[in-house]
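As a plain string of letters, each chain reads:
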Amino acid sequence: MACKDVFEKTRSDSRVADLCTLQQLGAYPFCKECTPDQSLPPAEVRMHGQSVVTFGSNDYLALTRDPRVIEACMQASRRCGSGCSGSRLMNGTTELHLRLEEALADFLGRESALLYGTGFQANLGVMSALGGPRDLIAADEYCHASLVEGIRLSYARRARFRHNDLSSLAEVLEGCDPGIGRLVVIEGVYSMGGDLADIPGTAEVCRRYGARLFVDDAHGIGVLGPGGRGAVEHASAGAAVDLIGGTFSKAFASAGGFIAGERAVIDYLRHFSAPFVFSAAMPPASLAAASAALHIIRTEPERRKRTAELSAFCRECLARHGFDTNDCPTPLIALSIGDPRDERKAAAETGLFCNTLCQAGFYVNAVFGNAAAFPILRISIMASHDQDQIEALADAMARTAERLRVGPARQGA
Ligand SMILES: Cc1ncc(COP(=O)(O)O)c(C=O)c1O
């Protein structure tokens, strides 16, 4: 008897056919070669031999090319080697890990902090370790895949509430058995929409229903708040938030993730969250880069001010050309230019827009599939952009929209 082939889906899955169609249409926008090169002007990268201004990086403070951050990486590698070759519980805890954990806890005003290999691992670890069989985890419907996967791995009951909708959250929590532990999960800045969570409102609902609140602030820390402490500081809501998570892969110009909160919780995660226990420790170069970036975040507020001013300027320029942008104080600008009545067509239009814009010398992210509720273009502003680059991007986007008859140039729109 012929057995079912587990690989069969890789040929027959309708999503694979959709990707092939995109490729045939010249609208496949993913995994482009995108090589940073120190010899290029700020904010430019090399793409297939061509120099392109990138608006697709999460390097919000433009620290990946900062000489101090690069020097810190090199010195740490020379001193401690290229990797830790072991889990934190075994041989993988260095002085660099301990110092960065202390500095982060101090920065975020928490008792303790814990580093993970990536932000994705941190979320997997926290959700799966804290969500037991007598618990409920309620997450905003737009939460990042790492949170969704972590909740799936946990033994907790799962619930999603409508995006930023406090009454939907209250409905989920209401009537929950008092014997069930409750954890509410939101993002400080939503990674695709670029909008802010209502942290004080969410915290108030949590307080009413005895739930703990976790804020993943991957896109807020370093960028928002007078001290760069993120969306929680921006909302003056520190005392109402139980756990803050983040990543070093964005404003911190490195790689790695972390969680900060009360000591007992962090100690529990240190011993019982699988991605911490069973994965190798962050390497010296990444730790040193994150530490150097943290120092710059603390001491150079003008960087986040510049990113905020440029973000507002970009929104203005795009609005002048008729693009409908999200109106928030974040460097993430999400735009929907595809056909609102047909998601497949919108994905193809968004992909083609991205590729056409690239040929004109500008890269923005095209996001669709399971990463966004509806196909979007996602523009990320960095402190190293300048106003001329942003005006040129908006002009090129308007020309592209006109040529492809999408977005503000859609017939009958
Ligand atoms: C909200 C959010 N959380 C977590 C992550 C994962 O971070 P990392 O890149 O460090 O794995 C991301 C990354 O895109 C994110 O946007």
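This text follows the structure it describes.
Here's a quick rundown of the structure. (Residues numbered from 1 in each chain as written. Predicted model: local features only at pLDDT ≥ 70, side-chain atom pairs only at ≥ 80, totals over all residues. Heavy atoms only, no water.)

### Considerations on the packing of helix α4 (residues 95–108) against helix α12 (residues 284–299)
Rules: Every angle, taken between N-to-C directions, lies between 0 and 180 degrees, and every axis is a line fitted to C-alpha atoms, over only the stretch in contact when it is a helix. Only runs of H or I of at least four residues qualify as helices and only runs of E of at least two qualify as strands under DSSP, and these elements are numbered from the N terminus. Oblique is the label for any angle not under 35 degrees, not over 145, and not in the 65 to 115 range, which are roughly parallel, roughly antiparallel and roughly perpendicular in turn. The hand of a helix crossing depends on one turn: near helix anticlockwise from the far one by less than a right angle means left-handed, and clockwise means right-handed. The contact rule is simple, with two residues in contact once any of their heavy atoms fall within 4.5 Å. Note that Gly is not counted as nonpolar here; it falls among the polar residues with everything else outside the nonpolar set of Ala, Val, Leu, Ile, Met, Phe, Trp, Tyr, Cys and Pro and the charged set of Asp, Glu, Lys and Arg.
Contact pair α4 / α12: the axes reach a minimum separation of 10 Å and the direction vectors enclose 25°. Compared by their axis directions, α4 and α12 come out roughly parallel. The two elements α4 and α12 cross, and the hand of that crossing is left-handed. Facing L96, H97, L100, A103, L104, D106 and F107 of α4, the residues of α12 in contact are P284, L287, A290, S291, L294, I297 and R298. Taken together, the residues of the contact of α4 with α12 break down into 10 nonpolar, two polar and two charged.

### Some remarks on helix α7 (residues 166–173)
Using the following cut-off: Three labels apply to residues, based on accessible area from a 1.4 Å probe with only protein chains included: buried if under 20% of the type maximum, exposed if over 50%, partly exposed otherwise in between.
Among the residues of α7, those classed as buried are S168, L169, A170 and L173. Each element contacted by the buried residues of α7 is listed here: β5 (135–140), β6 (157–161), β7 (181–187) and α8 (199–208). After α7 finishes, the residue G175 shows a positive phi value of roughly 75°.

### Focus on the packing of helix α5 (residues 119–130) against helix α6 (residues 145–153)
Each packed pair of helices is defined by two parameters, the angle between the axes and the distance between the axes. Contact geometry of α5 with α6 gives a least axis separation of 7 Å together with a crossing angle of 30°. Between α5 and α6, the angle is such that the two are roughly parallel. The interaxial crossing formed by α5 with α6 has right-handed handedness. On α6, the residues that touch F120, N123, L124, M127 and S128 of α5 are A145, S146, L147, E149, G150, I151 and L153.

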